[in-house]
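# Results of the structural survey
The chain contents come next:
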Amino acid sequence: MDYDPQELEQRWRERWAESGRYEADPSDVAAHAGDDEAASDDEEPTFITVPYPYPSGGMHIGHARTYTVPDVYARYRRQQGDNVLFPIGWHVTGTPIIGAVERLKKREPKQMSVLQDTYNVSEDTLSDLETPMGFANHFIEEHYKKGMQSLGLSVDWRREFNTNDERYSQFITWQYETLRDHGRLEKGLHPVKFCTDEQQPVTTHDLLEGENAEFQEYTLVRFGWDREGTEVTVPMATLRPETVYGVTNAYIDPEAAYVVADVDSEKWFVSAEAAEKLRLQAHDVDVLDEYEGSELVGQRVTNPITGDDVLVLPAGFVDADNATGVVMSVPAHSPDDYVALQEAKADTAYLESFGIDPADVADIEPIPILDIEDDDEDWGEVPAQYAVESNGIESSDDPKLAKATKDLYNKEFHAGHLKDMYGEYAGELVKDVRERFKDDNADTGAFDLMQEFSEEVVCRCGGDVVVAEQDTWFLTYNDEDWKRMAHEVVDGMDTIPDNTRGEYDHTIDWLNEWPCIRNYGLGTRLPWDQDFVIEPLSDSTVYMAYYTIAHRLQDVPVEDLDREFFDALFYGEDAVDDADERALQLREEWQYWYPVDYRFSGNDLISNHLTFYLFHHADLFDESMWPQGIVIMGMGLLEGEKMSSSKGHVVLPGEAIEKYGADTVRFFLLNSAEPWQDYDWRAEQVESVRNQLNRFWTRAQDLIEGPEGDESELQHIDRWLLSKLQDTVETVTEAMENSETRTASQAAFYSFEESLRWYRRRTDLDRPGAQWTQRHVLETRLRLLAPFVPFLTNELHEQLTGTPAEDAPWPEVDAEFESTVVEVEERQVERLTEDVHDIIDVTDTDPETIRVYVAADWKNLVFDTVADVGTNVGQVMGEVMQHESLRERGNEVNQLVQDLIDVVRGLDDDAIEAMREMDEAAVYEDATGFLRREFDADVEIYVEGSEDIHDPGERADKATPFRPAIHLE
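- Per an unreviewed UniProt entry, the protein carries the name Leucine--tRNA ligase and comes from Halogranum salarium B-1.
- According to the UniProt record, the Subcellular location (unreviewed entry) comment for the protein is "Cytoplasm".

Spelled out as structure tokens, the structure:
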């Protein structure tokens, strides 16, 4: 029977769907486990979740791995006898889908390319996507759901929902009314990410670019400009306000758009973009006049701290869209500014074109403001000059300039002492005085503040995202008692890998207020202010609880799902005056499944969603219902490059499954890297996996069709393979408990194949004992591999035993077949075989006779001493020299001790004891039949020093325990 994954996999999909195989109920008690009574006694609920997808586009192979990893764990727990719930839903909250629909309606070329070229949306289907839920439902049904079902995900599909569903909205309403009552929501001005196109706040999930951008608070140094008798403020943004004493000049983009605006009853000269940003940051802004930046070029502005007038120079490198669009220059302490000033001095024609006298620029010299305390390096009076010259930087285009600038800023922050001109701040380190210096000068009116991002941020709709201050409702993640509770959740939780634990604690510590509403979009309205919608990250914190009762809520009218209904459901009969019996029945199911045992999620979500998940569970539920564990997953690459739907650089699961089969896709995704590591989808390697599964299928068919064999006729080599199998069961089980899918799948498949290769080479496979061994090994491996390649393993296991692999219990280590002695003995045969091959290769001989010399008894006595004493050479020699017969051998014993210590180093006690018990000569004698076949030569085994020894090559005395001497003739 040939391996046809498409036909085989489709049969199993249909079978699972028809039987409701993965529909989990508290009363179900894993009925598919075979022994209903046993299952009832051992029932253990396991609840596994993964972030529900956002269907603003199709599912690609990166998503496939995200959902397959938890599926493997779910399948493993079922084989362990657990009643497992693995649900999925659809996250449609917010504006990305709305933005996608608008781009579709406009037939934007980029959007059309993504839809038609990447996700194969047909022309006659496009009209169905022109409403937000029509768009979402297309990708839910035609991409995600089909893809998940094709992959064989063991999902309970009865529980699916989307976040725009009216019943789900009632659940979110309950959540936010409860949080408000607990004091976890407040209203006030707050900096937010604001889309200038949509005119509303956005969060990380709404962004096309700049997902990792951070808020930066700039200090605005308020330079003064006497503009034809009118005082105008020219604010210049800096992250280093203490450098104001070192300002020698300023720069502006002469061709960019600037304005004079009334800002809080003062006239300010700023870029046009800055005026809008200031308005959004709670300033009263009225634009009076519009100009090009050249209006300010050649003018002198007054430093508010020193009173000095500084010249404004033209510069194309100034970004008018960053902060105020006018920057101050501190060439003594900024390598960027130092190089820019040198280039400005050299370009006299450019200066003269703006009416600037080059001599005035030539007179500008750096002003040192601090001394760097550094025992390793002399930065001189002008550190920026030293940084530029020591790095060989000759122009502003030099890529080394950015690093030189960053390094100097860091050095001055930690080791820079301010000069005497700073008065009360003189002599202090920058790091100790910066905030105080900024605050003091803000109090005098010399400084102001402005928020900006650390990098460019773009909304999925294509609009620019800026910092805005809005009167908004926000979650008070800065509350100390709430932070303490969130830390307690982390303390009691299993974090995989363990090094992520600190990341949760770190996020909890820095997390501040979180704006939780939008002006519009899909989702749940803020209960007490229907003008606003709860934003995506804020409505996806405890939806795991909704999974437990989603399918049963469909029988409850929406109007009945009020605050009291959910209070009774989650807090019990005593929480309300007259508890709804339906809610109390649903409570039983929630309590059965909760808490979430493991949540599988992306590493990038620790800084938001996953930590919010911990905060909300800590506040809303008792400790017994807090999350038990989180497994982090890495990102995917495609042929070495980042996957990108917008660039068409993706592989669709449907296409991959059609080409290779679902088991191949699953197996590659699972054993190419551990879940938390990044992986790389490479077609050549996927094809290799497909070929390996085909070989596995073919060998399995041969065994299934062959005789059953006879367990009573097992030989040494059979027991060796069965012992290796027990090692594999132990390794795979331990790895699965830690969600190490790569380690588990590699051990069950690839590593054991190495043992099988040796076994096939070593023995007659047609023996009854060998036939029984191979079938037993196959049956066990099919159960081990069932979570990874469920289609293939179910089919083969059913052919072999009459029962699908997933319905058979997870293998346990069989003590009857565990044997360190057998494994150690066989390893000696394998090493001897390798050594003989090495000698043949080196000497290029074809021996007729192979003589093997086993070490003499006195050498084994030395080994026994090493085994007793350990790896301390001095202690071993002290013990050895107690034997008179060994003392006489002097240096020979000393060298042997060294060699044998190397042999035992790193071995466990069981292995060492097995080596002591082994009759080395008997082991080789028992293997002579194999050795003769392997080398087509006679094989003779001798013990060094024995009377019947034949040693024409005088090799016997070279033998040491477990490393026999060899002579080829």
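### Here's the deal with the overall build of the protein
- In terms of helices and strands, the protein carries 36 helices and 32 strands.
- Here the C-alpha coordinates of the protein stretch approximately 120 × 80 × 55 Å along the principal axes.
- Of all 969 residues assigned to the protein, the portion counted as buried reaches 56%.
- Considering only contacts within the protein whose residues lie at least 6 apart along the sequence, 76% involve residues at least 24 apart.
- Total accessible area on the protein stands at roughly 40700 Å², and carbon and sulfur atoms take up 41% of it.
- Positive and negative side-chain charges in the protein, numbering 82 and 209 respectively, have mean positions lying 3 Å apart.

### Describing the packing of helix 3 (residues 61-79) against helix 25 (residues 716-737)
- Direction vectors running N to C along helix 3 and helix 25 enclose 120°, while the axes themselves pass 10 Å from each other. By the criterion of interaxial angle, the relationship of helix 3 to helix 25 is oblique. Crossing hand, helix 3 versus helix 25: left-handed. Packed against helix 3, whose contacting residues are Val72, Tyr73, Tyr76 and Arg77, the element helix 25 presents Thr733, Met736 and Glu737 at the interface.
- For the contact of helix 3 with helix 25, the class distribution of residues is four nonpolar, one polar and two charged.

### Things to note about the packing of aromatic side chains
- For the structure shown, the criterion picks out 65 aromatic pairs.
- Here the aromatic rings of Tyr543 and Tyr547 are separated by 5.7 Å at their centres, their planes lie at 70°, and the arrangement is edge-to-face. Here Tyr547 and Tyr543 lie together in helix 17 (residues 543-547), a separation of four residues that amounts to about one turn.
- Centroid distance Phe863 to Phe962: 4.7 Å. Interplanar angle 70°. Geometry classified as edge-to-face. On the criterion of sequence distance, the pair formed by Phe863 in helix 30 (residues 857-869) and Phe962 in the loop between strand 31 (938-943) and strand 32 (965-968) is long-range, its members being 99 residues apart.
- Residue Phe863 is classed as buried on the basis of its relative accessible area of 2%.
- The cationic tip of Arg180 hangs over the ring face of Trp528; the distance from NZ or CZ to the ring centre is 4.3 Å.
- It is Arg599 that lies over the ring of Tyr613; its NZ or CZ is 5.6 Å from the centre.

### Points about the nonpolar core
- Formed by 94 residues in total, the largest nonpolar core has its most connected members in Ile61, Phe135, Met148 and Trp681.
- Ignoring sequence-local partners within four residues, the contact set of Ile61 consists of Met643, Val651, Pro653, Ala656, Val665, Leu669, Tyr679 and Trp681.
- Counting residues in each nonpolar core, the second largest holds 71 residues, with Tyr477, Cys516, Tyr543 and Trp593 among its members.

### So, the pairing of strand 8 (residues 249-252)
- By the alternation rule, side chains of strand 8 split into Asn249 and Tyr251 and Ala250 and Ile252, which are all buried.
- Looking at chain direction, strand 8 and strand 13 (residues 309-314) are connected through four bridges and run parallel. Bridge pairing in strand 13 places Asn249 opposite Leu311.
- One ladder, built from four bridges, connects strand 8 with strand 14 (residues 326-329); its direction is antiparallel. Each residue of the ladder has a partner; that of Asn249, found in strand 14, is Ser329.

### Looking at unusual backbone geometry
- Residues Ile496 and Pro497 are joined by a peptide bond in cis, for which omega reads -5°.
- Tracing the backbone through its elements, the reader meets Pro497 in the loop between strand 20 (494-496) and helix 16 (501-510).
- Note that the residue after Tyr594, namely Pro595, is joined by a cis bond; omega there is 5°.
- Of note, Pro595 is situated in the loop between helix 20 (581-593) and strand 25 (598-602).
- Unlike most non-glycine residues, Asp264 shows phi in positive territory, near 50°.
- Relative to the helices and strands, Asp264 is located in the loop between strand 9 (257-263) and strand 10 (266-271).
- Within the chain, Glu639 stands out as a residue other than glycine whose phi angle is a positive 50°.
- Structurally, Glu639 is set in the loop between strand 27 (636-638) and strand 28 (641-642).

### Considerations on the domain arrangement of the protein
- When the domains of the protein are assigned, the result is domain 1 (45-184 + 481-498 + 535-681), domain 2 (214-454), domain 3 (683-818) and domain 4 (826-968).
- Relative to domain 4, the C-alpha centre of domain 1 lies at a distance of 60 Å.

### Overview of the sheet that holds strand 24 (residues 529-534)
- Taking strand neighbours across the sheet as the criterion, the three strands line up as 22-24-23 in an open arrangement whose pairing is antiparallel. In this open sheet, the two edge strands, each paired with only one partner strand, are strand 22 (517-518) and strand 23 (525-526).

### Quick look at the sheet that holds strand 27
- One open sheet holds the three strands; their spatial order is 28-27-29, and the pairing between them is mixed. In this open sheet, the two edge strands, each paired with only one partner strand, are strand 28 and strand 29 (679-681).
- Examined bridge by bridge, strand 27 and strand 29 share three bridges and lie parallel to one another. Paired with Leu637 across the strands is Asp680, a residue of strand 29.

### Considering helix 3
- Taking 1.5 Å as the rise per residue, helix 3 with 19 residues should run 27 Å; its terminal C-alpha atoms sit 27 Å apart, in good agreement.
- Within helix 3, 17 of the 19 residues are buried, which leaves it mostly tucked inside the rest of the structure.
- Downstream of helix 3 by a residue or two, Gly81 has a phi angle that is positive, lying close to 100°.

### Overview of helix 30
- The end-to-end C-alpha separation of helix 30 is 19 Å, in line with the 18 Å expected for 13 residues at 1.5 Å each.
- In this structure, the buried residues of helix 30 make contact with helix 31 (873-880), helix 32 (884-887), helix 33 (891-904) and helix 34 (909-917).
- One or two residues past the end of helix 30 sits Gly870, with phi positive at roughly 115°.

### Structural notes on the pattern of salt bridges
- For the structure on display, the rule yields 70 salt bridges.
- In this structure, the salt-bridge partner of Lys345 is Glu365, at a minimum N-O distance of 3.8 Å. Of this pair, Lys345 sits in helix 9 (residues 335-346) while Glu365 sits in the loop between helix 11 (358-362) and strand 15 (370-372), and the two are 20 residues apart along the sequence.
- Two residues, Lys724 and Glu823, come together in a salt bridge whose shortest N-O distance is 3.9 Å.

### Points about the side chain of His616
- In this fold, His616 is placed in helix 21 (residues 609-620).
- Of the polar contacts made by the side chain of His616, one reaches the side chain of Tyr477; its length is 2.7 Å.
- Apart from residues lying up to four places away in sequence, His616 is in contact with Gln175, Tyr176, Leu179, Leu475, Tyr477, Trp482, Thr541 and Val542.

### Some words on the packing of helix 4 (residues 96-105) against helix 6 (residues 132-150)
- Contact pair helix 4 / helix 6: the axes reach a minimum separation of 9 Å and the direction vectors enclose 100°. Taken together, the axis directions place helix 4 and helix 6 in an arrangement best described as roughly perpendicular. Residue-level inspection shows Ile97, Ile98, Ala100, Val101 and Leu104 of helix 4 in contact with helix 6, the latter providing Pro132, Phe135 and Ala136.

### Let's talk about the side chain of Thr495
- Within the secondary structure layout, Thr495 lies in strand 20.
- Discounting chain neighbours no more than four positions away, the residues touching Thr495 are Thr500, Arg501, Tyr504 and Ile630.

### A look at the environment of Phe161
- Following the sequence through the fold, Phe161 ends up in the loop between helix 6 and helix 7 (166-181).
- Residues Phe161 and Ala550 lie 389 residues apart in sequence; the distance between their C-alpha atoms is 7.3 Å.
- Residue contacts for Phe161: discarding those within four places in its chain leaves Tyr52, Ile88, Gly89, Trp90, Tyr168, Tyr543, Tyr546, Tyr547 and Ala550.

### Overview of the environment of Gly706
- Assignment of secondary structure puts Gly706 in the loop between helix 24 (683-705) and helix 25.
- According to the relative accessible area criterion, Gly706 is partly exposed, its value standing at 24%.
- Residues Gly706 and Gln771 lie 65 residues apart in sequence; the distance between their C-alpha atoms is 8.1 Å.

### Side note on the confidence of the model for the protein
- The predicted model of the protein has a mean per-residue pLDDT of 92, with 98% of residues at 70 or higher.
- Counted against residues more than four places away or in other chains, residues 29-40, with its pLDDT under 50, gives 14 contacts.

Here is what the cut-offs are and how they apply
- Residues numbered from 1 in each chain as written.
- Predicted model: local features only at pLDDT ≥ 70, side-chain atom pairs only at ≥ 80, totals over all residues.
- Heavy atoms only, no water.
- UniProt positions renumbered as here; feature names shortened; annotations may be inferred.
- Helix = DSSP H or I, 4+ residues; strand = E, 2+ residues; numbered from the N terminus.
- Buried < 20%, exposed > 50% of the residue type's maximum accessible area, 1.4 Å probe, protein only.
- Contact = heavy atoms within 4.5 Å.
- Areas by Shrake-Rupley, 256 points an atom, 1.4 Å probe, with all protein chains shown as cover.
- Lys, Arg positive; Asp, Glu negative; His and termini not counted.
- Charge placed at Lys NZ, Arg CZ, Asp CG, Glu CD.
- Axes fitted to C-alpha atoms, helices over the stretch in contact; angles between N-to-C directions.
- Parallel < 35°, antiparallel > 145°, perpendicular 65-115°, else oblique.
- Left-handed = near helix turned anticlockwise from the far one by under 90°.
- Nonpolar A, V, L, I, M, F, W, Y, C, P; charged D, E, K, R; others polar.
- Phe/Tyr/Trp six-rings, centres within 6.5 Å; stacked < 30°, edge-to-face > 60°.
- Lys NZ or Arg CZ within 6 Å of the ring centre and 35° of its normal.
- Core = buried A, V, L, I, M, F, W, Y, C linked by side-chain atoms within 4.5 Å.
- Pairing = 2+ DSSP bridges.
- Domains from an automatic or database assignment.
- Expected span 1.5 Å × (residues − 1).
- Salt bridge = Lys/Arg side-chain N within 4 Å of Asp/Glu carboxyl O.
- Polar contact = N/O pair within 3.5 Å; in protein donor to acceptor, adjacent residues only side chain to side chain.
- pLDDT = per-residue confidence, 0-100.

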